[in-house]
Structure formats: structure tokens, C-alpha cells
Amino acid sequence: MKRSDALLKVISFVMFLAMAAYLAVYLVQRTTDSVQTALVVTATMSDSTSMSGLVVREELVLTSSEDYIDITVSDGEKVGAGQTVAVAYSSEAALERATQLHVLNQEIEEVSAALDSTEDVTLTGDQTIYDAIIDLSYTMQIGDLTDMESQESALASLIFRTESEDATEEYLTELQKEYYELEQTSAGDSREITVGQAGVFSTLVDGYEGVSPEYIQSLTPSDLRSLISAERTVSSEAFGKLVISYDWYYAAVLPEEDGAELEEGDTVSLSFGRYYSGNLEATVEYLSEAEDGERVVLFSSNRGLTDLLAVRAVSAELVYQEYTGLRVPTKALYRYYVGYLSDEDGQKLTEGETVTLTLGGVEYEAFVSEIGSANAYGELADGVESGSEEDTRPKRRQVVFCWAWADEDAPDFSSGGGTVTTADGSETLAVTNYYDYDEETDRMCVFTMTGLQAERKKVSLIFAGEEYCLVSSDGTDALREGNEVIVQATELHNGKVF
């Protein structure tokens, strides 16, 4: 028993040491070999210019001298000439009676619907209630308030029908009698307010209703900024407004160089971000003279009026062109150069080593991504057969160098090669081109996390942004949506195990 206990203790101690060593190695690797990745997705990015400006519409302010007003139409609702948009009440008590009439009327409709229905309280009835709830939820999500009241009433009627015990003829008669008496009492309490022309109704009155497109065309960039930032006054009698034209305008300040690319009559795309899904087609109506490197530009559009009805001073993007591709962080994009070194020089480099690559007189801080085996040769002399005694060509190694991409550092390969200086600066090695490069050649790549290994994948740049780029890729080992690109790593090379 004593021997067995001693052996067990020794085995346990050895296992403890092994586990401690494993944890120590793991912690060292985690702190010295950190890696950050990002998921590749298909995305659309745009070449655009940001601008700030003012939405201008042909608007008519609606006013009333009465203190108690009940608006009967919804924001964004289209109204016709002569239509009632509000009811003015003579006193607060009159307004309260009107509210009671509305509640009574709604209850009468619900009880009437319950009495008229011959449906049993079955699964079908439950499904009808469920469908009504979904319809109301969708209406709220899309922000369409015009039918919300009727949908609420219909839903309440369905619930009342299945749960209330008050749906009797006697109860309905009592409600109708109460409604009639209150209606008689309210006679003369109110006055309907109608509109003289058709348009789109809104309750938002902000003091910019008098700003016209013609007025905008008299402003300089500084004038427009002052107009946007100035405090506006609103009449205390205003209760809403009517937008009387579906054509609306956006006045903005643009840098002179961007405005120079536009001409009056041009059709452009505007993006208002969260206020409108997608781009809006607009026409350039007016371009001012330049002032301190800026211009006033007036755009017009007949789309998206109701979506932007509550928007006045807002930023927008003037979209020149849109691009679609695989989105990767700009930090994950590399340029690469493939060259030949002699077999002896190739053995002086190691994968992952940081070197100074000089091409066309320009230095690049690069790292060695791949080192091939010594199976490449130079050109064979005329009249000499490969492998013969006269074939004295030295072996060469193919080496791939990578460095962080920057838009302005496309290398010049016209010299046919360059030099590589090792990390410690002790040696400078000659390198020659592997590819037949030309002035149009620009080779780029990213590294993906494939399993636990880094894998270099060739890509072509579609569009470059500050934080992200769009790229394309083809071939059997192409970059795909869903791949994980390596954004940052302590040391990186093709095939590196993390």
C-alpha cells in the first residue's frame, strides 16, 4: 500500500507539472501572438460627398384663433380641397364632451360588431385576432399612421367580441341613448376647419414655411448657413401646415471642387441616411457662384415627400457612384511582391521576418510571407541543354513579400527588381522580378484564418474607404463571403499556425 501511494503521488505531481507547463505556454502565446479577425461580407459602398442643408417645400401654415382645437387628420395624410382637417371648440368643457362622444362612438361600434357576428369563439376567432395584431404591428413599424385608428378599433372589436359579456341589445340601446343626449348638449360647441386646396397635412410648424426656392437662389453659402442656424418664430395660432406641392427642394453648401462637377439640369442621387431607405433621384436646379471655396446648390425631387415631412435642417450625401463587393477592413489589405533570390540568399530569410524591400528607389517595410524551395533556375544560355554539363545556372528561390496597403504607394517595377535588407540590417540581398510586371500591375492580398492557419488570398481592389475597402476575388482559393480576414497579428506569414 505504501508503494502504491508513493507512485500515485509521483504520477499526480508529474501531471500537475505538465498541466502547469501547458497553461504557461498557452498564456505566453495568448499575450505574445494575439490576432484580430473580421468577417467578410458582401456590401455596397459609395463614392460620395457630405453636405449640410435645408429641406424647402411649398407650404401653407394653418391657423385658428380658438384655444381648443382637435385635429382630425394624421401627419402625412393627403387631404382634398374643402376637407375638414380640425375642429375648433368654444371651451375646454366642449372639448371634453367631444372626447366622450368619440369614446362612446367607438364602444357602440364594438358592441354592434359583437352582436352582428355569428362566429363562435374557436381557433378561427383566435387566429383572426392574431392576424389583426400582426397587421397593427406592421403598421407601427413602417410608420403609417393613417390606418392605425381603424385597425385599433377593429382589434378592440375582435377582443370585445370574444371576451365581453356586455354585448347585448339592451346595453347597445343605453350607449346609443347616452350618445344622443351628449350630442344634443354639444350642439353649437364646435366649428369645423377646412382647407381651401389639396395637399399633405403636417402638424410640424417650424418657421421655415415662408422660405421658397426662389429665395434660396439669392443666398451665398454664408447666408444659407445663417438661415439654417437662425432662430425661427412660430405664430401661437398655428396648429399645422399644408404642403401644397409634391415637388420639394434641398438647399446645401458644397465645396467648390465638388460643385464644379455639377451642372444645372443634372440628375444626381442623394442619400438622407436613416430618414429615407435608399437613394433619392434629384435634379440640380441651381448653382451659385463660388464664395470662399464653396457653392450653394439647390436640388429638387418629387419622391420621398412624406418620408421627409418631419425633416428640415439635415445632412445628406451626394452620391457619385456606388460599388458592390466583399467588404474587408482597410488594415487587412496588403500589397505583395514576388521575386527571385539566389538559393544562398533565400536561405538567409525566414518566413514572418520583417525586412526593408526597395523597389524603384522606394523603401517598403515588408514581411516575408512565403519562401519557395530551390527549384527555380535562371534563363538557359543559347545552345545549352537543360541538365547538361554546360548548364551552370544557379538555383533560385521564389520569395513573396507583403506590406500594408496604402493608396499612394503603388510600387514601380520598371527596374526589374530591387534589394532586400534583413531585419538586423546586416545584409542587403538582390531580388529580381518573378512576374512580367507592367505599369498597370498592382497586386494585393489579404490573409484569412483558415482553421488555425493564416492563408494568403489574392484580391483586386474595387473601392477604397478610410475604414473599409471593397474587393473582388476569383479562382479556386478565392476570398469568399463568410471568411475571417486577419486584421492584426503579432507576426504574420502564409501558413502561420495560431
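### Points about the packing of aromatic side chains
And then number 1: Counted by the stated rule, this structure contains 8 aromatic pairs.
And then number 2: On the numbers, 5.6 Å between centres and 90 degrees between planes, the contact of Tyr334 with Phe367 is edge-to-face. Of this pair, Tyr334 sits in strand 15 (residues 334-342) while Phe367 sits in strand 17 (residues 362-371); the two residues are 33 residues apart in sequence, bridging distant segments of the chain.
And then number 3: Taking the relative accessible area as the measure of exposure, Tyr334 reaches 10% and is therefore buried.
And then number 4: An aromatic cluster is defined as three or more aromatic residues linked by ring pairs; in this entry it consists of Trp248, Tyr250 and Phe272.
And then number 5: Sitting above the plane of the Tyr208 ring, Arg232 keeps its charged end 4.7 Å from the centroid.
And then number 6: If you follow Lys496 out to its NZ or CZ, it ends over the ring of Phe498, 5.3 Å from the centre.

### Comments concerning the sheet that holds strand 6 (residues 84-89)
And then number 1: What the 3 strands build is an open sheet, ordered 4-6-7; its pairing is antiparallel. This sheet does not close on itself; its edge strands, each paired only once, are strand 4 (68-71) and strand 7 (190-194). Looking at each pair of strands side by side, their axes are set apart by 25 degrees on average, direction ignored.
And then number 2: Here 4 bridges tie strand 4 to strand 6, and the two strands are oriented antiparallel to one another. Counterpart to Ile69 in the pairing with strand 6 is Ala88.

### Digging into helix 2 (residues 92-116)
And then number 1: With 25 residues, helix 2 should reach 36 Å at 1.5 Å per residue; the first-to-last C-alpha distance of 36 Å fits that figure.
And then number 2: Taken as a whole, helix 2 has its buried residues at Ala94, Ala98, Leu101, Leu104, Ile108, Glu110, Val111 and Ala114.

### Thoughts on the nonpolar core
Generally speaking, nonpolar side chains in soluble globular proteins are found buried as a group.
And then number 1: Of all hydrophobic cores here, the largest spans 26 residues; its most connected members are Met51, Tyr250, Leu262, Leu270, Phe272 and Phe299.
And then number 2: Those residues in contact with Met51 that sit more than four places away from it in its chain are Tyr250, Ala252, Val253, Leu254, Leu270, Phe299, Val314, Ser315, Ala316, Glu317 and Leu318.

### Some points on a nonpolar patch on the surface
And then number 1: There is a patch of nonpolar side chains on the surface, built from Leu7, Ile11 and Met15 and spanning about 320 Å² of accessible area.
And then number 2: Along the chain, Leu7 turns up in helix 1 (residues 2-32).

### So, the pairing of strand 20 (residues 417-421)
And then number 1: Of the pairings in the sheet, the one linking strand 16 (residues 354-359) to strand 20 comprises 4 bridges and is antiparallel in character. Paired with Leu359 across the strands is Gly418, a residue of strand 20.
And then number 2: Where strand 20 lies against strand 21 (residues 428-433), 5 bridges are found, and the strand directions are antiparallel. Paired with Gly418 across the two strands is Val431, which belongs to strand 21.
And then number 3: If you look at the hairpin formed by strand 20 and strand 21, you'll find 6 residues sitting between the two strands, and Gly425 has a positive phi there, around 75 degrees.

The rules behind the values
- Along each chain, numbering runs from 1 in the same order as the chain's sequence is written.
- Thresholds applied to this predicted model are a pLDDT of at least 70 for local features of residues and 80 or more for the giving and counting of side-chain atom pairs; totals over whole chains, interfaces and linings are not thresholded and use all residues.
- Side-chain numbers come from the whole structure's heavy atoms, not from hydrogens or water.
- Each pair of aromatic rings taken from Phe, Tyr and Trp, with Trp reduced to its six-membered ring, is defined by centres within 6.5 Å and is described as stacked if the planes are under 30 degrees apart, edge-to-face if over 60, and tilted in the remaining cases.
- Strands here are runs of E lasting at least two residues and helices are runs of H or I lasting at least four, both read from the DSSP assignment and numbered beginning at the N terminus.
- Partly exposed residues are those whose accessible area sits between 20% and 50% of the maximum for their type, while under 20% is buried and over 50% is exposed, using a 1.4 Å probe and protein chains only.
- We count a charge as sitting over a ring when the NZ of a lysine or the CZ of an arginine lies within 6 Å of the ring centre and within 35 degrees of the ring normal.
- Strand pairing follows a simple DSSP-based rule, namely that at least 2 bridges must link the two strands.
- Interaxial angles span 0 to 180 degrees and are taken between N-to-C directions of axes, which are lines fitted to C-alpha atoms, for helices over the stretch in contact.
- Under the convention used throughout, the expected extent of a helix is 1.5 Å for every residue step, that is, one less than its residue count.
- To qualify as a nonpolar core, a set must consist of buried Ala, Val, Leu, Ile, Met, Phe, Trp, Tyr and Cys residues joined through side-chain atoms within 4.5 Å.
- Whether two residues are in contact is decided by their heavy atoms, any of which lying within 4.5 Å being enough.
- Distance thresholds for patches are 9 Å for like charges and 5 Å for nonpolar side chains (Val, Leu, Ile, Met, Phe, Trp, Tyr), applied to residues having over 30% relative accessible area and no salt bridge.
- All accessible areas in this document rest on Shrake-Rupley with a 1.4 Å probe, and a residue is counted as covered only by the protein chains that are shown.
- Any Lys or Arg side-chain nitrogen located within 4 Å of an Asp or Glu carboxyl oxygen qualifies as a salt bridge.

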